[in-house]
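What follows is the residue order along each chain.
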Amino acid sequence: MKFIEGHTHVLEIFGITKITSAKIDWVLNPNVYVILVTAEEDGRALAGSRIHVADGKTLLPIEEAVGELDERIFNMVEERRMDGTGELCGLWNSWEIAGLGIGSMQLSIACVAYAGLIKLNTLFGLCAPATYRNSIRGGFRVIKEIGINGKFYYPKEDLTATSILIDDIENLPLTYDDVKADIMTLRNNPISTRQILSKNGEPVNLHFDLTLK
């Protein structure tokens with residue numbers, strides 16, 4: 001519920017109401033994992049994301065979002081499903097920590113690390129321009145085989161989204177070295193503490209717990 005409230009609020013600020021990853025029917029899906037960033041002092045939600053595992057029964061959000069525009073996405077997901085595939089989606093960041101790099105890069109690092117812990121081999125995504133750079137740093141490639149070289153006019157005609165994919169979650173060959181090191185460290189130590197310098201130079205203590213709740 002904390003995730004839904006925070007995600008909905010951020011989307012409303014930008015006037016976005018029709019976005020597939022904002023639907024809440026996933027709360028009943030056992031193949032959806034929520035990763036939440038919370039404040040240590042009171043537990044309030046500061047950022048969050050989800051990983052949807054493709055199960056052959058429920059479409060991934062990216063399939064719902066762009067399937068009508070390019071049906072090739074369905075085959076791409078199905079070809080990878082038996083080996084373990086899913087989608088990183090619904091990433092949101094509160095204004096309270098915007099610009100610190102916590103709700104974007106650090107959250108993405110945690111999600112990719114977690115994707116390996118739940119034995120996914122590949123991971124899809126649909127990113128906005130604001131998260132494109134971090135997505136590439138994190139090892140995603142643009143799926144140029146679909147859309148307009150991977151781009152779609154979504155969720156509104158005046159906005160674009162880029163379809164992205166990590167082809168090898170275990171080895172992360174395209175991931176930037178510093179980001180890859182953080183992912184592998186977190187994957188090997190799901191419960192850990194790290195201090196980072198925020199973009200404004202302030203130290204921030206992060207406590208990670210990627211054990212299954």
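Here the structure is shown first, and the text comes after it.
Small disclaimer: the values here were computed from a predicted structure and weren't measured.

Topic: the overall build of the chain
Summing up its helical and strand segments, the chain has six helices and nine strands in all. Put simply, of all contacts in the chain between residues at least 6 apart along the chain, 65% involve residues at least 24 apart.

What about the pairing of strand 9 (residues 203–209)?
Only one face of strand 9 is buried: it carries V204, L206 and F208, and the other face, with P203, N205, H207 and D209, is open. Judged from the seven bridges that link them, strand 8 (residues 191–197) and strand 9 form a sheet pairing that is antiparallel. Counted as the bridge partner of S192 is F208 from strand 9.

A look at the packing of aromatic side chains
Both the distance between ring centres and the angle between the ring planes are used here to describe each pair of aromatic rings. Going through the model one piece at a time under the given rule, you end up with one aromatic pair. Across the ring face of Y132, the terminal group of K151 is positioned such that the distance to the ring centre comes to 5.6 Å.

Some details on the nonpolar core
Residues I51, I102, V112, L123, I166, I183 and L186 are the most contacted members of the largest nonpolar core, which totals 37 residues. Contributions of two or more residues to this core are made by strand 1 (32–38), strand 2 (45–53), helix 4 (102–117), strand 4 (122–127), strand 7 (160–166), helix 6 (177–188) and strand 9. No other element matches helix 4, which puts 10 residues into this core. If we skip the residues at most four places from it in the chain, I166 touches V112, N121, T122, L123, G138, G139, F140 and L172. Membership of the second largest hydrophobic core comes to 15 residues, among which are A54, I73, I146 and Y154.

What counts and how
Residues numbered from 1 in each chain as written. Predicted model: local features only at pLDDT ≥ 70, side-chain atom pairs only at ≥ 80, totals over all residues. Heavy atoms only, no water. Helix = DSSP H or I, 4+ residues; strand = E, 2+ residues; numbered from the N terminus. Contact = heavy atoms within 4.5 Å. Buried < 20%, exposed > 50% of the residue type's maximum accessible area, 1.4 Å probe, protein only. Pairing = 2+ DSSP bridges. Phe/Tyr/Trp six-rings, centres within 6.5 Å; stacked < 30°, edge-to-face > 60°. Lys NZ or Arg CZ within 6 Å of the ring centre and 35° of its normal. Core = buried A, V, L, I, M, F, W, Y, C linked by side-chain atoms within 4.5 Å.

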